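Summary of the model geometry
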Protein chains: 2
Amino acid sequence: MRLRGKKGTREFLEEQKDLVVLDPGAHKGNWRSFFGNGKPIHAELGMGKGQFIATMSVKHPDVNFIGVDRYDELIRRASLKADALSREAFGRRPDNLALVRHNVEYLTDMFADGEVDRIYLNFSDPWPKKKHIRRRLTHPRFLDMYVKVLGGRGEIHFKTDSAELFEYSLNTFSDHGFRLRNITFNLHRDGAHPDHVMTEYEQKFVEQGKPIYRLEALVGGH
Amino acid sequence: MRLRGKKGTREFLEEQKDLVVLDPGAHKGNWRSFFGNGKPIHAELGMGKGQFIATMSVKHPDVNFIGVDRYDELIRRASLKADALSREAFGRRPDNLALVRHNVEYLTDMFADGEVDRIYLNFSDPWPKKKHIRRRLTHPRFLDMYVKVLGGRGEIHFKTDSAELFEYSLNTFSDHGFRLRNITFNLHRDGAHPDHVMTEYEQKFVEQGKPIYRLEALVGGH
């Protein structure tokens, strides 16, 4: 694969209209049309280089996945990864995945109410300083958006290596009326779970013996 | 104070009918009569040597406290502590405290439904082995009892130095329909809270720089 400069990256992304979405509002309310079916939609917010979402999309053909991140370069890498995994598994381009260049700050610009069934938050930036607390993806202002796009039901699956972010998020989820489930302070305590697809970060942390915190938050309480 | 053998301890306890209750069923359904008023009742299950409950009873004259533990010797120590603190603060015996010798296994033998307003679980035995999991005071079978004596409302305040017990309890409380609040992985992170009365264990752990985990669980969800 030839190396691409910034201009090359943009062109490369624009050529992949089946997989890459550069105008996040284009499919709002119509994601089921984009995928051409009514399968549930699972979105990863802050997908990074895309290992998680690309692997999930290959492992779960019954689900449509949407990976969101802000940077062209991350979308490019994720698209390459997703294409490679899909070709390896099925001999064709991915058909249940969209990679959307978008800022999660404006999540409701890309999803209509109730359009998403599950949200993944993997190793979100912990923003440790108090003055940046509003940027944490589990801040109540984000939880409000998630409840909206999940349509008052659905789940958020959250994992992180940050004890501080995890502690913070247990409180914000709980205070926001989510019901918490499968809370663990060490996801890989008993070895890797075959069901738990790892992100690039996670693989590194697990190799270093660092614990991964994880929880599932159910919208709508009990 | 003279040292007492086992026989002396029992006699010593029997002399304190205003404070010490050796027959746990004697006041079931009538704890408000025992105290002679209708103040809320807060019970500590597994009070140990009683520093927490004795201090709380002096700090909160508006609440009736009941400390429960299984051993005569712990009841004796707690009674001495409570008497000393009350005399120091008010110049008289405690009047808003009962120390009950009882096994928490049979909690519903000492409290009628809805008779308790708040339960404290402080540094409960973590019972780390899987085969002893049923003995953990946050096992679902105990949570059932707590909901019963709390009458489907009220709160449980839980603290521990055990990350394993805390992780376990987050799940059992959450799965049981409690709403969680004020979850912290390090209660004394920013120095000691004046509102947080420490147990004997806790004081030792904090001096050693060990984190204390704490949560509040509200019965009845949201």
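Everything numeric here is computed off the predicted structure, so don't read it as measured data.

**With respect to the relation of the copies chain A and chain B**
When chain A is fitted to chain B, the residual RMSD is 0.0 Å, and the transformation amounts to a turn of 180 degrees plus an axial shift of 0.0 Å. Taken together, the turn and the small shift mark the pair as related by a two-fold rotation axis. Interface overlap between copies is the fraction of interface residues in one copy that are interface residues in the other; for chain A against chain B it reaches 95%, indicating a shared surface.

**Here we look at the sheet that holds strand β4 (residues 97-101) of chain B**
Taken in spatial order, the 8 strands make up an open sheet running β1-β4-β3-β2-β5-β6-β8-β7 (chain B), and their pairing is mixed. Each having just a single partner strand, β1 (20-21) and β7 (179-184) of chain B make up the two edges of the open sheet.

**Structural notes on the confidence of the model for chain A**
Confidence in the prediction for chain A averages 94 pLDDT; 95% of positions are at 70 or higher. Here the prediction assigns the complex a pTM of 0.91, and the interface score ipTM is 0.88.

**Some details on the interface of chain A and chain B**
Across the boundary between the two partners, chain A contributes 22 residues, which contact 21 residues of chain B. Here chain A and chain B share an interface that buries about 1,600 Å² over both sides, 47% of which is from carbon and sulfur atoms. Taken together, the links from chain A to chain B amount to 2 salt bridges. Across the pair E167 of chain B and R189 of chain A runs a salt bridge whose closest N-O atoms are separated by 3.0 Å. Taken together, chain A and chain B are joined by 15 residue pairs in polar contact (both at pLDDT 80 or more). Elements supplying a minimum of two residues to the side of chain A that touches chain B: α6 (163-175) and β7 (179-184) of chain A. Looking at which element gives the most residues to the side of chain A that touches chain B, the answer is α6 of chain A, with 7 residues. The residue makeup of the side of chain A that touches chain B, split by class, is 8 nonpolar, 9 polar and 5 charged.

**Comments concerning the pairing of β4 of chain B**
All names here are of chain B. Counting buried positions along β4 yields 5 of 5 residues, so the element is predominantly enclosed. Neither face of β4 is open: one carries L97, L99 and R101, the other A98 and V100, and all of them are buried. Direction of pairing for β1 relative to β4: parallel, over a ladder of 2 bridges. Bridge pairing in β4 links V21 to V100. Where strand β3 (residues 64-69) meets β4, 5 bridges bridge the pair, whose relative direction is parallel. Opposite G67, over in β4, you have L99 as the bridge partner. For the crossover that starts at β3, traverses helix α4 (residues 72-90) and ends in the parallel β4, the hand is right-handed.

**Describing unusual backbone geometry**
The phi torsion at W127 of chain A lies on the positive side, around 40 degrees, for a residue other than glycine. Counting through the fold element by element, W127 of chain A comes out in the loop between β5 (118-122) and α5 (140-149). Its identity as a non-glycine residue notwithstanding, N182 of chain B has a phi of 50 degrees, on the positive side. Mapped onto the elements, N182 of chain B comes out in strand β7.

**Structural notes on the environment of K204 of chain B**
Among the structural elements, K204 of chain B can be located in helix α7 (residues 200-207). Expressed as a C-alpha distance, the spacing of K204 of chain B and D175 of chain B, which sit 29 residues apart in the sequence, is 32 Å.

**Side note on α5 of chain A**
Residues and elements named next belong to chain A. When we look at burial in α5, the residues that qualify are F142, L143, M145, Y146 and V149. The buried residues of α5 occupy an angular sector of 160 degrees when projected down its axis, which confines them to one face. Here the buried face of α5 lies against β2 (41-45), β5, β6 (155-160) and α6. G151 sits one or two positions beyond α5 and adopts a positive phi of about 65 degrees.

So, how was this worked out
Residues numbered from 1 in each chain as written. Chains lettered and ligands numbered in written order. Predicted model: local features only at pLDDT ≥ 70, side-chain atom pairs only at ≥ 80, totals over all residues. Heavy atoms only, no water. Least-squares fit on C-alpha atoms with pLDDT ≥ 70 in both. Contact = heavy atoms within 4.5 Å. Pairing = 2+ DSSP bridges. Helix = DSSP H or I, 4+ residues; strand = E, 2+ residues; numbered from the N terminus. pLDDT = per-residue confidence, 0-100. Buried area = accessible area lost by both parts, 1.4 Å probe. Salt bridge = Lys/Arg side-chain N within 4 Å of Asp/Glu carboxyl O. Polar contact = N/O pair within 3.5 Å; in protein donor to acceptor, adjacent residues only side chain to side chain. Nonpolar A, V, L, I, M, F, W, Y, C, P; charged D, E, K, R; others polar. Buried < 20%, exposed > 50% of the residue type's maximum accessible area, 1.4 Å probe, protein only. Right-handed = clockwise from strand over helix to strand, strands pointing away. Arc of directions from axis to C-beta.

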